[in-house]
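Descriptive structure summary
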Amino acid sequence: WISECWISETLLYYSGCLFSRSRTGPGPGRYVLPPTVGFANHDYTRFAGPAYSFHRRLDNSSDPGPRYYVKPELTRFGRAKGPSYSMLARSKPKGIPRTPGPATYHPEKVPPPSQQRPPSFSIGARTKPRPVDPVPAPNSYTLPSLLGPRIPHKASSPSFSVAGRNAKGGPLEDLCRTPGPGRYKTTDPDVYLCRSPAFSMLGRLKPGKVGFPTPGPGTHSPEKVTLHRAKAPSYSLGIRHSEFLMPLVGEAPEW
(Lines give C-alpha, C1' and ligand atoms only; values in the text may rest on other atoms or scores of the structure.)
Protein backbone atom coordinates (compact mmCIF):
# COMPACT_ATOMS: atom_id res chain seq x y z
CA TRP A 1 0.00 0.00 0.00
CA ILE A 2 2.81 2.31 0.85
CA SER A 3 4.45 1.67 -2.47
CA GLU A 4 1.26 2.32 -4.34
CA CYS A 5 0.77 5.59 -2.42
CA TRP A 6 4.37 6.66 -3.28
CA ILE A 7 3.87 5.86 -6.90
CA SER A 8 0.58 7.76 -7.04
CA GLU A 9 2.14 10.80 -5.35
CA THR A 10 5.05 10.70 -7.70
CA LEU A 11 2.77 10.65 -10.72
CA LEU A 12 0.75 13.52 -9.32
CA TYR A 13 3.95 15.51 -8.77
CA TYR A 14 5.21 15.04 -12.30
CA SER A 15 1.79 15.66 -13.81
CA GLY A 16 1.58 18.92 -11.80
CA CYS A 17 4.99 19.97 -12.99
CA LEU A 18 4.06 19.33 -16.61
CA PHE A 19 0.83 21.21 -16.15
CA SER A 20 2.61 24.13 -14.52
CA ARG A 21 5.19 24.28 -17.37
CA SER A 22 2.50 24.27 -20.02
CA ARG A 23 0.71 27.15 -18.27
CA THR A 24 3.80 29.45 -17.94
CA GLY A 25 4.49 32.35 -20.41
CA PRO A 26 7.15 32.51 -23.26
CA GLY A 27 10.86 32.77 -22.54
CA PRO A 28 13.12 35.84 -22.87
CA GLY A 29 13.92 34.97 -26.45
CA ARG A 30 10.34 35.54 -27.44
CA TYR A 31 10.42 39.23 -26.73
CA VAL A 32 11.99 41.59 -29.33
CA LEU A 33 12.83 45.08 -28.15
CA PRO A 34 12.62 47.91 -30.67
CA PRO A 35 16.07 48.84 -32.10
CA THR A 36 17.92 52.01 -31.15
CA VAL A 37 19.80 52.16 -34.47
CA GLY A 38 18.33 53.70 -37.54
CA PHE A 39 15.15 55.62 -38.17
CA ALA A 40 12.58 52.94 -38.92
CA ASN A 41 10.96 51.27 -35.83
CA HIS A 42 13.19 53.17 -33.45
CA ASP A 43 12.58 52.88 -29.70
CA TYR A 44 10.52 55.92 -28.81
CA THR A 45 11.81 55.82 -25.24
CA ARG A 46 15.34 56.54 -26.45
CA PHE A 47 16.81 59.60 -28.13
CA ALA A 48 17.68 59.00 -31.79
CA GLY A 49 21.07 60.32 -32.99
CA PRO A 50 21.65 61.95 -36.39
CA ALA A 51 21.28 59.47 -39.22
CA TYR A 52 22.88 59.68 -42.67
CA SER A 53 22.31 57.71 -45.81
CA PHE A 54 24.52 56.97 -48.84
CA HIS A 55 23.29 58.56 -52.04
CA ARG A 56 24.15 57.36 -55.52
CA ARG A 57 27.00 58.98 -57.42
CA LEU A 58 25.97 62.15 -59.20
CA ASP A 59 26.72 62.72 -62.87
CA ASN A 60 29.03 65.44 -64.24
CA SER A 61 26.22 67.90 -64.82
CA SER A 62 25.31 68.07 -61.14
CA ASP A 63 26.75 70.53 -58.67
CA PRO A 64 30.08 69.65 -57.04
CA GLY A 65 30.23 68.60 -53.43
CA PRO A 66 32.03 70.34 -50.56
CA ARG A 67 35.34 70.47 -52.41
CA TYR A 68 35.73 74.24 -52.51
CA TYR A 69 38.65 75.54 -50.53
CA VAL A 70 37.91 78.86 -48.86
CA LYS A 71 41.06 80.74 -48.06
CA PRO A 72 41.44 81.61 -44.39
CA GLU A 73 41.95 85.32 -45.14
CA LEU A 74 38.42 85.56 -46.54
CA THR A 75 36.00 86.38 -43.76
CA ARG A 76 32.42 87.50 -43.68
CA PHE A 77 33.63 91.05 -43.08
CA GLY A 78 35.96 91.01 -46.10
CA ARG A 79 39.55 90.10 -46.76
CA ALA A 80 41.85 90.28 -43.78
CA LYS A 81 45.41 89.84 -44.99
CA GLY A 82 48.64 91.77 -44.90
CA PRO A 83 50.66 92.92 -47.92
CA SER A 84 52.19 90.08 -49.95
CA TYR A 85 54.75 90.11 -52.74
CA SER A 86 55.62 87.66 -55.52
CA MET A 87 58.62 87.25 -57.84
CA LEU A 88 57.96 87.65 -61.56
CA ALA A 89 59.91 86.08 -64.36
CA ARG A 90 62.70 87.94 -66.08
CA SER A 91 61.29 90.22 -68.73
CA LYS A 92 62.51 89.97 -72.31
CA PRO A 93 64.89 92.71 -73.42
CA LYS A 94 63.54 95.16 -75.96
CA GLY A 95 66.54 94.70 -78.21
CA ILE A 96 70.28 94.96 -78.44
CA PRO A 97 71.34 98.59 -77.97
CA ARG A 98 72.75 99.99 -81.19
CA THR A 99 75.87 101.48 -79.71
CA PRO A 100 78.40 102.46 -82.40
CA GLY A 101 81.71 100.65 -82.30
CA PRO A 102 85.22 102.08 -82.68
CA ALA A 103 85.27 101.46 -86.45
CA THR A 104 82.21 103.66 -86.94
CA TYR A 105 84.17 106.85 -86.46
CA HIS A 106 86.63 108.12 -89.08
CA PRO A 107 88.85 110.72 -87.46
CA GLU A 108 91.16 110.78 -90.50
CA LYS A 109 88.39 112.39 -92.53
CA VAL A 110 88.02 115.31 -90.16
CA PRO A 111 90.22 118.20 -91.27
CA PRO A 112 92.20 120.13 -88.72
CA PRO A 113 90.05 122.78 -87.06
CA SER A 114 92.72 125.46 -87.64
CA GLN A 115 92.55 125.14 -91.45
CA GLN A 116 89.93 126.63 -93.72
CA ARG A 117 87.46 124.26 -95.34
CA PRO A 118 85.81 124.71 -98.72
CA PRO A 119 82.04 124.80 -98.81
CA SER A 120 80.47 121.34 -98.93
CA PHE A 121 77.04 120.33 -100.03
CA SER A 122 74.95 117.24 -99.44
CA ILE A 123 72.04 115.72 -101.25
CA GLY A 124 68.91 115.80 -99.16
CA ALA A 125 66.01 113.40 -99.25
CA ARG A 126 63.19 113.76 -101.70
CA THR A 127 60.56 116.18 -100.47
CA LYS A 128 57.01 115.06 -100.09
CA PRO A 129 54.91 115.66 -103.21
CA ARG A 130 52.05 118.10 -103.21
CA PRO A 131 48.77 116.44 -102.33
CA VAL A 132 46.78 115.64 -105.45
CA ASP A 133 43.28 116.98 -105.66
CA PRO A 134 40.61 114.29 -106.01
CA VAL A 135 39.64 115.47 -109.49
CA PRO A 136 39.10 112.78 -112.12
CA ALA A 137 41.28 112.80 -115.23
CA PRO A 138 39.91 113.29 -118.76
CA ASN A 139 40.15 109.58 -119.50
CA SER A 140 37.88 108.80 -116.55
CA TYR A 141 34.86 109.85 -118.55
CA THR A 142 33.47 107.47 -121.14
CA LEU A 143 31.23 108.62 -123.96
CA PRO A 144 28.48 106.29 -125.08
CA SER A 145 29.17 104.16 -128.13
CA LEU A 146 27.57 105.21 -131.42
CA LEU A 147 27.39 101.64 -132.76
CA GLY A 148 24.01 99.99 -132.81
CA PRO A 149 20.43 101.22 -132.37
CA ARG A 150 20.61 101.54 -128.56
CA ILE A 151 21.22 105.31 -128.44
CA PRO A 152 17.87 107.10 -128.22
CA HIS A 153 19.07 110.63 -129.01
CA LYS A 154 21.32 109.72 -131.99
CA ALA A 155 20.30 108.70 -135.48
CA SER A 156 21.70 105.27 -136.27
CA SER A 157 22.35 103.76 -139.69
CA PRO A 158 20.59 100.56 -140.69
CA SER A 159 22.07 97.52 -138.98
CA PHE A 160 21.77 93.91 -139.95
CA SER A 161 22.36 90.67 -138.15
CA VAL A 162 23.37 87.27 -139.48
CA ALA A 163 20.81 84.59 -138.76
CA GLY A 164 21.41 80.87 -138.70
CA ARG A 165 20.96 78.62 -141.70
CA ASN A 166 17.49 77.11 -141.95
CA ALA A 167 17.23 73.46 -142.87
CA LYS A 168 13.83 73.94 -144.45
CA GLY A 169 12.81 76.69 -146.84
CA GLY A 170 16.40 77.71 -147.57
CA PRO A 171 18.14 77.76 -150.96
CA LEU A 172 20.10 74.64 -150.07
CA GLU A 173 17.06 72.56 -149.27
CA ASP A 174 16.94 69.40 -151.41
CA LEU A 175 13.35 69.09 -152.45
CA CYS A 176 13.93 66.04 -154.73
CA ARG A 177 16.02 64.26 -152.15
CA THR A 178 18.13 62.56 -154.84
CA PRO A 179 21.54 61.15 -153.92
CA GLY A 180 24.58 63.04 -155.13
CA PRO A 181 27.70 61.68 -156.81
CA GLY A 182 29.39 61.17 -153.51
CA ARG A 183 26.75 58.67 -152.44
CA TYR A 184 27.99 55.98 -154.86
CA LYS A 185 31.08 53.92 -154.23
CA THR A 186 33.57 53.47 -157.08
CA THR A 187 34.82 50.04 -158.11
CA ASP A 188 38.47 49.24 -157.67
CA PRO A 189 40.21 49.30 -161.10
CA ASP A 190 42.12 46.14 -160.22
CA VAL A 191 38.83 44.26 -160.53
CA TYR A 192 38.18 44.88 -164.23
CA LEU A 193 41.69 45.93 -165.39
CA CYS A 194 45.13 44.43 -165.24
CA ARG A 195 46.30 44.59 -161.73
CA SER A 196 49.27 46.86 -161.20
CA PRO A 197 52.30 45.53 -159.34
CA ALA A 198 52.12 45.91 -155.61
CA PHE A 199 54.98 46.02 -153.19
CA SER A 200 55.19 45.65 -149.48
CA MET A 201 57.82 46.71 -146.98
CA LEU A 202 59.56 43.98 -145.08
CA GLY A 203 61.21 44.33 -141.74
CA ARG A 204 64.87 45.17 -141.31
CA LEU A 205 67.09 42.14 -141.81
CA LYS A 206 69.51 41.13 -139.12
CA PRO A 207 73.16 41.81 -140.00
CA GLY A 208 75.28 38.75 -140.73
CA LYS A 209 78.08 37.64 -138.49
CA VAL A 210 81.42 38.99 -139.74
CA GLY A 211 84.34 36.65 -139.15
CA PHE A 212 87.06 39.28 -139.54
CA PRO A 213 86.98 43.11 -139.43
CA THR A 214 86.77 44.26 -143.05
CA PRO A 215 87.93 47.87 -143.54
CA GLY A 216 85.37 50.32 -144.87
CA PRO A 217 85.72 52.87 -147.68
CA GLY A 218 86.86 55.60 -145.30
CA THR A 219 89.83 53.57 -144.15
CA HIS A 220 91.77 53.96 -147.42
CA SER A 221 93.45 57.25 -148.43
CA PRO A 222 94.04 57.13 -152.22
CA GLU A 223 95.25 60.76 -152.30
CA LYS A 224 98.40 59.70 -150.46
CA VAL A 225 99.42 57.11 -153.07
CA THR A 226 102.32 58.36 -155.31
CA LEU A 227 103.37 55.20 -157.12
CA HIS A 228 101.85 56.23 -160.41
CA ARG A 229 103.12 59.83 -160.39
CA ALA A 230 106.21 61.82 -159.58
CA LYS A 231 106.82 62.44 -155.93
CA ALA A 232 108.44 65.53 -154.46
CA PRO A 233 111.51 65.04 -152.33
CA SER A 234 110.81 64.47 -148.69
CA TYR A 235 113.06 64.54 -145.71
CA SER A 236 112.89 62.98 -142.32
CA LEU A 237 114.62 63.72 -139.05
CA GLY A 238 117.18 61.21 -137.92
CA ILE A 239 118.11 60.19 -134.44
CA ARG A 240 120.54 62.19 -132.28
CA HIS A 241 123.97 60.50 -131.97
CA SER A 242 126.26 60.77 -129.01
CA GLU A 243 129.26 63.11 -129.16
CA PHE A 244 131.57 60.38 -127.88
CA LEU A 245 130.62 57.92 -130.59
CA MET A 246 133.46 57.24 -132.99
CA PRO A 247 132.76 57.63 -136.70
CA LEU A 248 132.64 54.53 -138.80
CA VAL A 249 135.84 54.14 -140.79
CA GLY A 250 135.58 51.89 -143.81
CA GLU A 251 138.29 49.95 -145.46
CA ALA A 252 141.03 52.05 -147.05
CA PRO A 253 141.26 51.84 -150.83
CA GLU A 254 144.21 50.11 -152.29
CA TRP A 255 146.22 52.30 -154.68
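Residues numbered from 1 in each chain as written. Predicted model: local features only at pLDDT ≥ 70, side-chain atom pairs only at ≥ 80, totals over all residues. Heavy atoms only, no water.

**A short note on the overall build of the protein**
A tally of helices and strands in the protein yields 2 helices and 2 strands. Ordered by position in the sequence, the α and β elements of the protein form the string α-β-β-α. (Helix = DSSP H or I, 4+ residues; strand = E, 2+ residues; numbered from the N terminus.)

**Concerning unusual backbone geometry**
Backbone geometry at Asn 41 places phi at a positive 55 degrees, although glycine is not the residue there. Structurally, Asn 41 can be placed in the loop between helix H1 (2-23) and strand S1 (74-75). For Asn 41, a relative accessible area of 65% gives the class exposed. (Buried < 20%, exposed > 50% of the residue type's maximum accessible area, 1.4 Å probe, protein only.)

**Considerations on the side chain of Asp 43**
Relative to the helices and strands, Asp 43 is located in the loop between H1 and S1. Buried within the structure, Asp 43 lacks any salt-bridge partner; its nearest side chain of opposite charge belongs to Arg 46, at an N-O separation of 4.3 Å. Excluding residues that lie within four positions of it along the chain, Asp 43 makes contacts with Pro 34, Pro 35 and Thr 36. (Lys, Arg positive; Asp, Glu negative; His and termini not counted. Salt bridge = Lys/Arg side-chain N within 4 Å of Asp/Glu carboxyl O. Contact = heavy atoms within 4.5 Å.)

**Side note on the confidence of the model for the protein**
Residues shown with low pLDDT carry predicted positions that ought not to be read at fine detail. Residues at a pLDDT of 70 or more form 82% of the protein, whose mean pLDDT is 76. Put simply, H1 is where the protein has its lowest mean pLDDT, 54, and helix H2 (residues 189-192) is where it has its highest, 86. (pLDDT = per-residue confidence, 0-100.)

**Things to note about a nonpolar patch on the surface**
A grouping of Val 191, Tyr 192 and Leu 193 is seen on the molecular surface, where their side chains present a nonpolar patch of about 370 Å² in accessible area. Among the structural elements, Tyr 192 can be located in helix H2. Tyr 192 sits in the exposed class, given a relative accessible area of 56%. (Patch = residues over 30% accessible without salt bridge, like charges linked within 9 Å, V, L, I, M, F, W, Y side chains within 5 Å. Areas by Shrake-Rupley, 256 points an atom, 1.4 Å probe, with all protein chains shown as cover.)

**Focus on the side chain of His 42**
By the secondary structure assignment, His 42 is in the loop between H1 and S1. Exposure remark for His 42: the relative accessible area of 17% places this residue in the buried category. At 3.1 Å, the side chain of His 42 forms a polar contact with the backbone oxygen of Thr 36. Those residues in contact with His 42 that lie beyond four places of it in its chain are Pro 35, Thr 36, Val 37, Phe 47 and Ala 48. (Polar contact = N/O pair within 3.5 Å; in protein donor to acceptor, adjacent residues only side chain to side chain.)

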